[in-house]
Amino acid sequence: MSYDLETSGLPGAILQGETIDLGQSFDPLWALAQTEQASRILRMEYKGAFTTDWYLLEKDCYLAVNRGGGNPKAQATHLEYDACDWCIFRVRLQGDLVESFTDYDRHSGNADCSFLNFGRGLKYSMNVSGQAQLASLSLTFKTEWLLNLLGSQTCEALSPLLAAGEAQKAASHVVAIDVNAAIYRVARELLDLPTEDPFCVLLAQAKAKELLFVALQALASGNQSPDLRFREQEITQLNAVKQRLESEYASALTLEELSRWAGLNRRKLTEGFKALYGATVNEYLLLQRMSQAGSLLRQGMPVAQVAERVGYLDRGSFSKVFKRHFGVTPKEY
């Protein structure tokens, strides 16, 4: 369903560069969605910069997924917020953000996540670079919504977040937490939501609450989770290893070599890679080889030549691995 972006609240305010009042922006959008005059998924495009998909999950709970950037000619996007009793949980996997508060500026880069509790009100603005690649998301919700969802017995566990809303200094309204493997995994799944699927909102609801669950776990435990935690540089290094496996799958890459090349110790490489990408380094390398082998065989390339092309010294070893992977021999394939 179509509606007027200029008068419908949040999108219109962003497009016009106005201060966004979260309550006055989200309520009209939710009302339009309830009467099917607007979709539960709204896409906004910032020309030359990035796109934001807004998911209207529930009354007083909304998800924004941001992708794009990488345009050297794009100017920074400036946004201003005016809110009371709202919280935002933000995960930034890629991209640069400068947040401005009453008494300080905060720069956030890759692998950054935090809660921002506006409390009784907070003058806030941010500048998002359009020149750097952007992959981030934010879950915006009312404090009351969270308390109703979890019950009053969770107030003690939520005390760091609730106290942030009462803080006198603007800097204390932000509660940073480590990006651990669980947060990274769920964030990646949210960034890859199938927006064309008719059940996408249902999946977004489930994944958003899962993200909130792992974030609140980390918050309540004081970031002392046994789960792996990653610094920005480590995620960059692990992603470089993944890209190398995708491009050099025919090479005899070893864990020792990859560890030295990426500047990671072996434990961080093996456990971190598995946590972020759902497969061990060797499993991912095998997947790249078999995927390429299947493609070459479909093109009619001889088996022996395919084996050599994807990194096997003899046809027999290649055939055994191929059958174990695909369930048929290369000839049968």
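Residues numbered from 1 in each chain as written. Predicted model: local features only at pLDDT ≥ 70, side-chain atom pairs only at ≥ 80, totals over all residues. Heavy atoms only, no water.

K.L.:
Requested: an account of the confidence of the model for the protein chain, with residues and values cited.
P.N.:
Across the protein chain, pLDDT averages 82, with 86% of residues at or above 70. Scored below 50 in pLDDT, residues 1-17 makes 36 contacts in the model with residues more than four places away or belonging to other chains. (pLDDT = per-residue confidence, 0-100. Contact = heavy atoms within 4.5 Å.)

K.L.:
Outline empty space enclosed by the protein, supporting the account with residue identities and numerical values.
P.N.:
Under the criterion given, the structure shown has two cavities of 30 Å³ or more. Here the largest cavity defines a volume of roughly 300 Å³. As for the largest cavity, its lining consists of 25 residues, of which Asn66, Leu79, Tyr81, Met126 and Ser138 are closest to the centre. Elements represented by at least two residues in the lining of the largest cavity include exactly α2 (22-34), β3 (50-58), β4 (61-69), β5 (77-82), β6 (86-94), β7 (97-100), β10 (124-128) and β11 (133-142). In terms of residue count, the dominant contributor to the lining of the largest cavity is β11 (five residues). Quantified by volume, the second largest cavity comes out at close to 30 Å³. (1 Å grid on protein atoms, 1.4 Å probe; cavity = no way out; pocket = protein on both sides within 12 Å on 5 of 7 lines; lining within 4 Å. Points joined across faces, edges and corners; volume = space filled by probe spheres on them. Helix = DSSP H or I, 4+ residues; strand = E, 2+ residues; numbered from the N terminus.)

K.L.:
I'd like a rundown of the nonpolar core, residues and numbers included.
P.N.:
Ranked by size, the top nonpolar core spans 75 residues in total, and within it Phe115 and Phe318 carry the most contacts. For this core, the element with the most residues is helix α6 (residues 200-220), which contributes 11 residues. Ignoring anything within four residues of it in the chain, the contact list for Phe318 reads Met290, Ala293, Val303, Val306, Ala307, Val310, Tyr312 and Pro330. Phe26, Leu29, Tyr62 and Phe118 belong to the second-largest nonpolar core, a separate cluster that totals 29 residues. (Core = buried A, V, L, I, M, F, W, Y, C linked by side-chain atoms within 4.5 Å. Buried < 20%, exposed > 50% of the residue type's maximum accessible area, 1.4 Å probe, protein only.)

K.L.:
Account for the packing of aromatic side chains, naming residues and giving values.
P.N.:
Applying the stated criterion across every chain yields a total of 12 aromatic pairs. Between Phe273 and Tyr284 the ring centres are 5.6 Å apart and the planes differ by 70°, which places this aromatic pair in the edge-to-face class. Taken together, the residues Phe273 in helix α9 (residues 266-277) and Tyr284 in helix α10 (residues 281-298) connect sequence positions 11 residues apart. Tyr284 shares its class with Phe273; the two are buried. Between the aromatic rings of Tyr312 and Phe318, the centroid separation amounts to 5.6 Å while the plane-to-plane angle is 55°, which identifies the pairing as tilted. The exposure classification of Tyr312 matches that of Phe318, with both residues buried. In this structure an aromatic cluster arises from ring pairing among Tyr312, Phe318, Phe322, Phe326 and Tyr333. The side chain of Arg244 reaches across the aromatic face of Trp261, ending 4.8 Å from its centre. Of note, Arg289 hangs over the ring of Tyr312, and the distance from its end group to the ring centre comes to 5.2 Å. (Phe/Tyr/Trp six-rings, centres within 6.5 Å; stacked < 30°, edge-to-face > 60°. Lys NZ or Arg CZ within 6 Å of the ring centre and 35° of its normal.)

K.L.:
An account of unusual backbone geometry is needed here, citing residue identities and associated values.
P.N.:
With a phi close to 75°, Asp60 is a non-glycine residue in the positive phi region. With respect to the helices and strands, the residue Asp60 is situated in the loop between β3 and β4. Since its relative accessible area comes to 14%, Asp60 is described here as buried. A positive phi angle, close to 65°, is found at Asp85, a residue other than glycine. Mapped onto the fold, Asp85 is located in the loop between β5 and β6. Given the relative accessible area of 48%, Asp85 is considered partly exposed.

K.L.:
Describe the pairing of β7, and please don't skip the residues or the numbers.
P.N.:
On a regular strand, each side chain points to the face opposite its neighbour's, so the side chains alternate between the two faces of the sheet. Burial along β7 is one-sided: Leu97 and Glu99 are buried, while Val98 and Ser100, pointing the other way, are not. Examined bridge by bridge, β7 and β10 share four bridges and lie antiparallel to one another. Residue pairing across strands places Leu97 opposite Val128, the latter belonging to β10. (Pairing = 2+ DSSP bridges.)

K.L.:
Can you explain the pattern of salt bridges? Please cite residues and give values.
P.N.:
Per the counting criterion, the structure on display carries 17 salt bridges. With a closest N to O distance of 3.2 Å, Glu166 and Arg120 form a salt bridge. With Glu166 in the loop between α4 (159-165) and β12 (174-177) and Arg120 in the loop between β9 (112-117) and β10, the pair connects residues that are 46 residues apart, well separated along the chain. Given a relative accessible area of 68%, Arg120 falls into the exposed group. (Salt bridge = Lys/Arg side-chain N within 4 Å of Asp/Glu carboxyl O.)

K.L.:
So what's going on with the packing of α10 against helix α12 (residues 315-326)? Which residues, and what values?
P.N.:
It is the contact of α10 with α12, at a shortest axis distance of 11 Å, that shows an interaxial angle of 95°. Classified by the interaxial angle, the pair formed by α10 and α12 is roughly perpendicular. Of the residues in α12, those touching α10 at Leu286, Leu287, Met290, Ala293, Gly294 and Leu297 are Phe318, Val321, Phe322, His325 and Phe326. Within the contact of α10 with α12, the residues separate by chemical class into nine nonpolar, two polar and no charged. (Axes fitted to C-alpha atoms, helices over the stretch in contact; angles between N-to-C directions. Parallel < 35°, antiparallel > 145°, perpendicular 65-115°, else oblique. Nonpolar A, V, L, I, M, F, W, Y, C, P; charged D, E, K, R; others polar.)

K.L.:
Residues and numbers for helix α3 (residues 143-150), please.
P.N.:
Considered for burial, the residues of α3 that qualify are Thr143, Trp145 and Leu146. Buried residues in α3, looked at end-on, bunch into an arc of 160°, giving them a common side. Across from the buried face of α3, at angles greater than 90 degrees, the exposed residues are Glu144 and Asn148. Positive backbone phi, approximately 95°, marks Gly151, located one or two places after α3. (Arc of directions from axis to C-beta.)

K.L.:
Quick one: what's the story with the packing of α3 against α6, residue by residue and with numbers?
P.N.:
Direction vectors running N to C along α3 and α6 enclose 85°, while the axes themselves pass 14 Å from each other. Here α3 lies roughly perpendicular to α6, going by the angle between them. Each of Trp145, Leu146, Leu149 and Leu150 in α3 lies in contact with α6, whose residues at this interface are Lys209, Leu212 and Leu216. Of the residues assigned to the contact of α3 with α6, the class counts are six nonpolar, no polar and one charged.

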